[in-house]
Amino acid sequence: MKLLQIKMYKRINYIAAILVLVCGLGAQAQVTTSSPYSRYGLGNIKGSLLPQLRAMGGISTAVNKVTGFNYINMQNPASYSGITLTTIDIGMSASLTSLSRNNLSESSFNSTFSHLAFAIPVSRKSAISFGILPYSDLGYSYRNSVKIDTLSVDRLYEGEGGLSKAYFGYGHRFGDHLRIGGNVEYIFGNLQTTRATEYNALGAINAKLQNKNSVGGLNYSYGIQYDFNLGAKTLLTLGYSGSSAAKINSEQSAFAIQYTRALDGTENLASDTLNVINRGKSDLKLPLSHNFGISIQQNDKWLIGADFRMSKWAATSINNVNSGLQDSWGASLGGQWTPDYTSYNSYMKRIDYRLGVSYDKTYIKIGNQDIKQMGASLGFGFPLPTANAGSAFYKINFTTEFGQRGTLTNNLVKEQYINFHLGFTLNDTWFRRYRVD
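Reading guide: rules and limits
Residues numbered from 1 in each chain as written. Predicted model: local features only at pLDDT ≥ 70, side-chain atom pairs only at ≥ 80, totals over all residues. Heavy atoms only, no water. Helix = DSSP H or I, 4+ residues; strand = E, 2+ residues; numbered from the N terminus. 1 Å grid on protein atoms, 1.4 Å probe; cavity = no way out; pocket = protein on both sides within 12 Å on 5 of 7 lines; lining within 4 Å. Points joined across faces, edges and corners; volume = space filled by probe spheres on them. Nonpolar A, V, L, I, M, F, W, Y, C, P; charged D, E, K, R; others polar. pLDDT = per-residue confidence, 0-100. Contact = heavy atoms within 4.5 Å.

A. How the structure looks around unusual backbone geometry. The phi dihedral of D300 falls on the positive side, at around 70 degrees, and the residue is not glycine. Summarising the element assignment, D300 is placed in the loop between β11 (289–298) and β12 (302–311).

B. Representation of the layout of surface pockets in the model. Roughly 840 Å³ of internal volume is contained in the second largest pocket. Around the second largest pocket, the lining is made up of 33 residues, and of these P36, R101, S141, Y142 and V413 lie nearest the centre. Among the secondary structure elements, those contributing two or more residues to the lining of the second largest pocket are β2 (86–101), β3 (104–123), β4 (126–148), β5 (151–174) and β6 (178–199). With 6 residues, β4 is the single largest residue contributor to the lining of the second largest pocket. Of the residues belonging to the lining of the second largest pocket, the class tally is 11 nonpolar, 16 polar and 6 charged.

C. How the structure looks around empty space enclosed by the protein. Summed over the entire model, instances satisfying the criterion amount to 1 cavity of 30 Å³ or more. Roughly 30 Å³ of volume is contained in the largest cavity. Around the largest cavity, the lining residues are V66, T67, F69, Y71, Q336, D352, R354 and K395. When its residues are assigned to classes, the lining of the largest cavity shows 3 nonpolar, 2 polar and 3 charged.

D. Representation of the confidence of the model for the chain. Within the chain, residue pLDDT values average 85, and 85% of them lie at 70 or more. Confidence drops under a pLDDT of 50 for residues 12–17, and excluding neighbours within four residues, the segment shows 6 contacts in the predicted structure. In this model, residues 19–31 is a region of pLDDT below 50 whose contacts with residues beyond four sequence positions or in other chains number 9 contacts.

Have a look at this one:
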């Protein structure tokens with residue numbers, strides 16, 4: 001019994017160390033994206049996907065697990081019912097972005113903590129999951145120069161911040177083939193935007209409008225999966241998941257100020273505050289979303305799947321104002337192959353190999369031009385040596401995404417990016433009830 005207590009203390013310390021690390025990373029978080037398209041709506045929507053699923057193009061709706069290794073699929077909470085071991089997943093992401101417009105181009109690099117997720121089996125047919133991950137990222141800074149009579153005027157646009165999602169979910173399996181689950185999600189964070197007009201003349205009085213939205217409220221997501229036996233080890237799975245069109249609280253602060261610039265170009269303190277709206281309350285309406293998926297897999301070997309998704313962004317309002325967004329839709333195709341996850345002679349055979357492609361018509365439309373996004377992904381799952389007499393399993397998941405958003409047509413910006421996702425996954429027999437003779 002004393003040995004069991006020591007093991008539990010070690011595991012509690014392990015969780016505490018992870019939480020301290022996450023809090024430290026969160027405290028140091030700054031701008032995590034450099035995309036002019038994040039100016040629209042709520043920013044760049046991240047999706048509830050861990051590196052394992054991003055590597056397969058983002059398929060998730062009809063994905064449970066391929067090999068005996070457990071991973072967390074919060075995009076469809078019905079999948080929680082297949083979790084048989086306590087699972088922890090923690091990771092980070094980085095992005096290299098290149099922007100081009102006409103003959104101009106620039107590059108940027110950003111990195112951040114990406115997720116922390118737990119899943120714990122409750123019974124043979126059910127499990128809970130909880131964690132935190134990004135919901136959207138906001139980060140841009142650019143200027144347009146125009147002439148007013150003989151005077152040169154710069155118009156500056158800046159934004160930073162983003163929303164995060166903390167969730168708690170439960171999934172249950174009914175019979176041998178039907179799985180149902182749901183998540184309660186708390187969406188929170190700050191979205192801050194700035195518009196300024198600056199005159200290129202010494203001592204000129206410039207104007208700036210700053211808006212900050214502090215967001216916090218509950219949303220709900222849900223899912224269902226049903227599989228069919230096509231053979232002794234072959235399954236066909238159909239899945240659906242969605243999220244509600246919830247209204248969450250938003251408290252707005254807006255400042256209209258005047259300021260000047262010093263000789264070295266630095267901004268002086270505000271010379272006058274023209275208007276202040278402090279903590280004005282409003283609502284932010286999230287879109288109703290639907291995801292449909294199909295997959296076919298041979299247990300412990302391979303999986304191929306496809307997803308189709310759509311969201312009603314046209315009905316979305318920010319501060320009770322329609323934000324001019326359009327409905328979005330997208331599709332993904334991908335899969336995973338593990339040559340032999342039980343191989344003792346070849347490490348390469350135990351690696352998970354993942355590949356996928358995706359295409360999305362985003363919620364952004366500028367003029368008559370739809371902003372589209374397309375990408376391809378490649379990833380690997382590297383198993384690590386087992387521990388605790390073979391009852392604990394570890395895996396490092398690494399994914400690279402190559403993609404493009406936007407176009408050079410109509411004087412728009414083409415954004416090309418390479419995203420890197422790194423995750424560490426633990427499967428262990430925590431919280432198991434032991435018998436002592």
